[in-house]
Amino acid sequence: MAQDDCDVVIVGAGPTGLALAVGLRLYGLRVRLLEKQDSGKREARAGIVWHRAMEVLADLGCAERFVEEGVSLDSTELFVQGRTVGVLDLTASGTRWPNPLSIEQDAVERLLAERLTEVGGAIEWSTEATAVRMAEDAAEVEVRRADGRPQTLRCAWVVGCEGSHSLVRKAAGLPFDGGPRRHLQVAQINAKVDWRLPYHGDRTYLLLDKDLSLGCAPRPGGGYRCFAFTREPDSTPLTPVTVEEMRQLLMRAAHDSDVWLTPTLPEWTNRARFQDRFARSLRSGRALLAGDSAHLWAPIGGRGLNTGLRGAHNLAWKLASVVRGWAPPELLDTYSTEQRRTALRVMRRTRRDVLESPGTWRVLLTMRLVGRHVLGTRWAADRIRGRLADLDLDHRGSPLSAHGGGDRMPDQQVWADGRAHSLHTLLSYRHWTLLSVGERPPPAPALASCSLPVTVRAVSPTHASRQLPDQSLVLVRPDLHIALQTRSPEEVTAYLGRWCTRAGAAPGQ
Ligand SMILES: Cc1cc2nc3c(=O)[nH]c(=O)nc-3n(C[C@H](O)[C@H](O)[C@H](O)COP(=O)(O)OP(=O)(O)OC[C@H]3O[C@@H](n4cnc5c(N)ncnc54)[C@H](O)[C@@H]3O)c2cc1C
């Protein structure tokens, strides 16, 4: 095969492909991002970025801009059969991004595209990948441009971020297991709602009734994203959603006969049915999958975009480490294992989510009897919040997680260099961090011959911390997950020895 045109070809400039391109550019890789559409103007689709995805965007260097454009959400009020059950505070602890953000997917893509330009990348618009071929040490991607001109791109790796009909997945022969989600559809509209409930710019409403779950989330620019999950027969045609249909659903959910809707501009409605599907592996040789091309489910809980961003974040530093020669290609198999497990857990949660699934009599009765108590109990509210925020999804059991490893390192106050810091400001997506904890930590091992970039930091937690035990060494991955907790410098050396090629570039100290 001829010399590579670039390190990585990414097919598809949706949120996943864009986030991956930014992550790879932060490591200086030569990336080509192909998009068959001619511009970024698309439909709204996903509307919420949860806490963990905000951390991902912070690592990519653009979270502040998202906060400027989005609406920060503080709470959700739950109604069952028209009666309020309670308010759930959405503010999470242990993160620098305590609130989820209401922001439309077209804005997410625009902001990521701007960030990509800043880090020296670009989207190749009107460029459709039409075929992918794999060799042992490289890949070839056939593309067709707007003028019909075909071209062959050569790259070391190709990543399919092109959604559910992934060309890369098919070319790699990776089965997409699963099937349709029966008797569930969502109808959505962006609109101002005039009803008995007051408009709080930072509060969402969730209204549960028999065979209906309806949510209203404030949008940037005013009004709500209204979404209604219903149990429709699969044979019902997918006709366009009308204002009157949504008004009837709102009246039913709110038990309010006086509801009026005014669509906001640009007008947007959507009706969709869903599939639950997983690629059996996210890697085959030189091909990788991320986002909807790897996993799909109903947008209950608003997880698709968020899980795609997490996947891109998990993949970018690993792929960069392999391309740079810092780590062996087996590191990429851990992306497949970890992201598949994350996605399977997310899908299970969407199936068990009783608040956004159309209500059954049993759920409605239970919510009426104990809902208020559950929302008012601290541990239960913390648990629900942790799940919504996606902060509790760990990588325990991954080949990359050694003793005490796998959990995401929460943000917390620590002493370092004689003053208090937020721990996350001392960590970086561009390198691993070895935290030597306490007044008398074990000596950090010599890292001069380690090919992976590892920075050593001495810290002391201001309060007792399970993740930072006194007199220990804690190795944190670039994506904030704990790799290893130990008192033994030899264990750190052995761990890094397993994942370093040693022949690569010098570590960034
Ligand atoms: C109605 C609806 C509501 C949703 N609501 C939510 C929500 O509230 N929260 C949430 O998190 N998620 C939600 N989702 C899911 C979310 O929109 C997707 O998970 C997300 O868009 C996936 O991003 P992606 O980048 O993986 O794929 P996509 O967004 O599908 O992007 C793929 C890109 O690849 C391009 N492409 C395809 N084939 C080729 C090719 N051969 N060559 C070049 N380019 C190609 C496409 O044009 C597209 O731009 C919703 C989805 C729907 C349909």
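Residues numbered from 1 in each chain as written. Predicted model: local features only at pLDDT ≥ 70, side-chain atom pairs only at ≥ 80, totals over all residues. Heavy atoms only, no water.

J.: Got a sec to walk through the nonpolar core? Specific residues and values, please.
T.: In terms of nonpolar packing, the biggest core is built from 92 residues, with Leu24, Phe66, Leu112, Val158, Leu452 and Leu496 touching the most fellow members. Top element by residues in this core is helix H7 (residues 304-323). It accounts for nine residues. A domain split of this core shows at least three residues from each of domain 1 (6-47 + 104-175 + 280-352) and domain 2 (413-499). Those residues within four positions of Leu24 in sequence are excluded, and the remaining contacts are Val8, Ile10, Leu29, Val31, Ala316, Leu319 and Ala320. If you look at the next biggest cluster of nonpolar residues, it comprises 24 residues, including Ala187, Tyr224, Leu249 and Leu250. (Core = buried A, V, L, I, M, F, W, Y, C linked by side-chain atoms within 4.5 Å. Buried < 20%, exposed > 50% of the residue type's maximum accessible area, 1.4 Å probe, protein only. Helix = DSSP H or I, 4+ residues; strand = E, 2+ residues; numbered from the N terminus. Domains from an automatic or database assignment. Contact = heavy atoms within 4.5 Å.)

J.: Now, about the domain arrangement of the protein chain: what can you tell me, with residues and values included?
T.: Size of an interface: often given as the accessible area lost when the parts come together. Here the protein chain is partitioned into domain 1 (6-47 + 104-175 + 280-352) and domain 2 (413-499). Relative placement of domain 1 and domain 2: their C-alpha centres are 30 Å apart. Of the roughly 1300 Å² buried at the junction of domain 1 and domain 2 (both faces included), carbon and sulfur atoms supply 61%. Between Glu338 and Arg477 there is a salt bridge, with the nearest N and O atoms lying 2.8 Å from each other. On the surface where domain 1 and domain 2 come into contact, there are six residue pairs in polar contact (both at pLDDT 80 or more). Listed by contribution, the elements that provide at least two residues to the side of domain 1 that touches domain 2 are helix H1 (15-26), H7 and helix H8 (331-352). In terms of residue count, the dominant contributor to the side of domain 1 that touches domain 2 is H7 (eight residues). Looking at the side of domain 1 that touches domain 2 residue by residue, the class counts come to nine nonpolar, five polar and four charged. (Buried area = accessible area lost by both parts, 1.4 Å probe. Salt bridge = Lys/Arg side-chain N within 4 Å of Asp/Glu carboxyl O. Polar contact = N/O pair within 3.5 Å; in protein donor to acceptor, adjacent residues only side chain to side chain. Nonpolar A, V, L, I, M, F, W, Y, C, P; charged D, E, K, R; others polar.)

J.: Can you explain the site of the ligand? Please cite residues and give values.
T.: What surrounds the ligand is a group of 30 residues, the closest being Glu35, Gln105, Asn270, Asp292 and Leu305. Here an oxygen atom of the ligand and a backbone polar atom of Gly47 are 3.4 Å apart. At 2.7 Å from an oxygen atom of the ligand is found a side-chain nitrogen or oxygen belonging to Gln105. For the ligand, the protein covers 88% of the area, taking 1000 Å² as the surface of the free molecule. Elements supplying a minimum of two residues to the shell around the ligand: H1, strand S9 (127-134) and H7. Looking at side-chain class alone, the shell around the ligand contains eight nonpolar, 14 polar and eight charged residues. (Near = heavy atom within 4 Å. Areas by Shrake-Rupley, 256 points an atom, 1.4 Å probe, with all protein chains shown as cover.)

J.: Run through the sheet that holds strand S22 (residues 419-422), naming residues and quoting values.
T.: Taken in spatial order, the six strands line up as S22-S21-S24-S23-S25-S26 in an open sheet, and their pairing is mixed. Each of the sheet's edge strands pairs with one partner strand only, and the pair in question is S22 and strand S26 (482-486). When strand polarity is set aside, the average angle formed by the axes of neighbouring strands in this sheet is 35°. Note that strand S25 (residues 472-476) and S26 share four bridges and pair antiparallel. Across the sheet, residue Leu473 finds its bridge partner in S26, namely Thr486. (Pairing = 2+ DSSP bridges. Axes fitted to C-alpha atoms, helices over the stretch in contact; angles between N-to-C directions.)

J.: For the pairing of strand S1 (residues 6-11), give the residues involved together with the corresponding values.
T.: The element S1 is extensively covered by neighbouring structure, given that six of its six residues are classed as buried. Of the strand pairs in this sheet, S1 and strand S11 (residues 150-160) are connected by five bridges, and their pairing is parallel. Bridge pairing in S11 links Ile10 to Val159. The pairing of S1 with strand S2 (residues 31-34) spans four bridges and is classified as parallel. Directly across from Ile10, in S2, lies its bridge partner Leu33.

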